[in-house]
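These are the residues of each chain, in order.
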Amino acid sequence: MNSRKMNMVAGFVLMIALVLAGTCLWQPALAATMQRETQTQEKSESNGNKLEGTWRVQVTIRDCTSGAALRTFPAFLTFAQGGTLTETTTGFPPASRTPGHGFWEHLGGHSYRAVSEAFLFNPAGLWTGRQRLTQIIEIGNHGEQLNSNATNEIFDTAGNMIVTGCATATGSYFE
């Protein structure tokens, strides 16, 4: 074998050895990380403390003073691992409101806080402001029921709050 071919073979063997060594070092760390994540998820789910995932909810807009129901409509809330939130509602026509994006955090026990914002548009398609929803969420019924109390704030394009409102929501886990 000429020296060029020998160098290529030696380089190839060295590369395979490095890949195998890296795999041997990396695999136990990956397994330990996956085991911790599984244990955390199992502990959370065994406590009925599962917010992550998608929920089908019925939102009821309420008079903030009397608590009287004004109207009810369906929505989806999706809570992603790591604390992000996406929501979609039928409470507005699609051309007048974008889906909401935000975050959620665990307050302890079965309680969570979530905040999301969406852009608002007029019938001509011009941006008119944003809607901010702040929710306090309780998970019950072994992680299968969601109950929420929310405040609704509407801001104009300059960031001035122009309207506030109240809402409640109930929902079930979407599987």
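Conventions used here
Going along each chain's sequence as written, the residues are numbered from 1 onward. Per-residue local features of the predicted model are confined to residues with pLDDT of at least 70, and side-chain atom pairs are confined, for both listing and counting, to 80 or more; whole-chain, interface and lining totals are unaffected and use all residues. The side-chain quantities take in all heavy atoms of the structure and omit both hydrogens and water. We count a stretch as a helix when DSSP gives it H or I for four or more residues in a row; a strand needs E for two or more, and each element gets its number in order from the N terminus. For the exposure calls, accessible area comes from a 1.4 Å probe over protein chains only, and a residue counts as buried if that area is under 20% of its type's maximum, exposed if over 50%, partly exposed in between. Using a 1.4 Å probe, the Shrake-Rupley method yields the accessible areas, and only the shown protein chains count as cover for residues. Geometry of aromatic contacts follows a simple scheme: Phe, Tyr and Trp rings, the Trp one being its six-membered ring, pair when their centres are within 6.5 Å, and the pair is stacked under 30 degrees between planes, edge-to-face over 60, tilted otherwise. Comment: the charge-over-ring label is applied if NZ (Lys) or CZ (Arg) is within 6 Å of the ring centre and within 35 degrees of the ring normal. To form a nonpolar core, buried Ala, Val, Leu, Ile, Met, Phe, Trp, Tyr and Cys residues must be joined to one another through side-chain atoms within 4.5 Å. Each residue carries a pLDDT score, the predictor's confidence in it, ranging from 0 to 100. Note on definitions: a residue-residue contact is assigned when non-hydrogen atoms from the two residues lie within 4.5 Å. Pairing between two strands is assigned when DSSP locates at least 2 bridges connecting them. Here an angle of 0 to 180 degrees is reported between the N-to-C directions of two axes, which are lines fitted to C-alpha atoms, with helices fitted over the stretch in contact. As used in this structure description, the phrase polar contact means that two N or O atoms lie within 3.5 Å; if the pair is within protein, one of them must be able to donate a hydrogen and the other to accept it, and residues adjacent in sequence are counted only when both atoms belong to side chains.

Enquirer: Quick question: what am I supposed to make of the overall build of the protein here?
Expert: For the protein, the count of helices and strands is one helix and eight strands. The 175 residues of the protein split such that 27% are buried. Approximately 11300 Å² of the protein is accessible, and the part contributed by carbon and sulfur atoms is 61%.

Enquirer: Would you mind going over the packing of aromatic side chains with me for this structure?
Expert: What characterises a pair of aromatic rings is the spacing of the ring centres plus the angle enclosed by the ring planes. Counted according to the given criterion, the structure contains five aromatic pairs. With a centroid separation of 5.0 Å and 80° between ring planes, the pair formed by W55 and Y173 is classed as edge-to-face. Here W55 is found in strand β1 (residues 53-62), whereas its partner Y173 is found in strand β8 (residues 161-173), with 118 residues between them in sequence. On the basis of relative accessible area, W55 is assigned to the buried category, the value being 0%. Between W104 and Y112, the aromatic rings sit 5.7 Å apart at their centres with planes inclined by 65°, giving edge-to-face as the arrangement. Following the ring pairs from residue to residue traces out a cluster consisting of F79, W104 and Y112. The side chain of R130 reaches across the aromatic face of F155, ending 4.3 Å from its centre.

Enquirer: Can you help me understand the nonpolar core in this one?
Expert: In globular proteins that are soluble, nonpolar side chains generally tend to be buried together. Of all hydrophobic cores here, the largest spans 19 residues; its most connected members are L51, W55, V57, F79, I137 and L146. For this core, the elements supplying multiple residues, two or more each, are β1, β2 (69-79), β5 (111-121), β6 (127-140), β7 (145-156) and β8. It is β2 that provides the largest number of residues to this core, a total of four residues.

Enquirer: Whenever I open this one, the confidence of the model for the protein confuses me. Can you help?
Expert: Do not read the predicted coordinates in detail wherever pLDDT is low. Here the protein averages 82 in pLDDT, while 72% of its residues score no lower than 70. Across residues 6-27, confidence stays below pLDDT 50; counting only partners more than four residues off in sequence or on other chains, it has two contacts. In this model, residues 36-47 is a region of pLDDT below 50 whose contacts with residues beyond four sequence positions or in other chains number four contacts.

Enquirer: Before we go on, may I ask you to explain the pairing of β8 in this structure?
Expert: It is a general feature of regular strands that their side chains alternate between the two faces of the sheet. Bridge count between β1 and β8: eight bridges; the pairing is antiparallel. Residue pairing across strands places W55 opposite Y173, the latter belonging to β8. The pairing of β7 with β8 spans 11 bridges and is classified as antiparallel. Within the sheet, the bridge partner assigned to F155 lies in β8 and is M161.

Enquirer: Please explain the sheet that holds β8 as it appears in this structure.
Expert: Within a sheet, each strand pairs with its neighbour through backbone hydrogen bonds, oriented either parallel or antiparallel. The strand order around the closed barrel formed by eight strands is β1-β2-β3-β4-β5-β6-β7-β8, and the pairing between neighbours is antiparallel. Shown here is a sheet whose adjacent strand axes are inclined to one another by a mean of 30°, direction ignored.

Enquirer: What is the right way to read the environment of Q131 from this model?
Expert: Examined against the element boundaries, Q131 turns out to sit in strand β6. The spatial distance from the C-alpha of Q131 to the C-alpha of L120 is 6.9 Å, given a sequence separation of 11 residues. Apart from residues lying up to four places away in sequence, Q131 is in contact with F92, R97, S116, E117, A118, L120, N152, E153 and I154. Engagement of the side chain of Q131 in a polar contact is seen with the side chain of R97, the distance being 2.5 Å. Side-chain polar atoms of Q131 contact the side chain of N152, separated by 2.9 Å.

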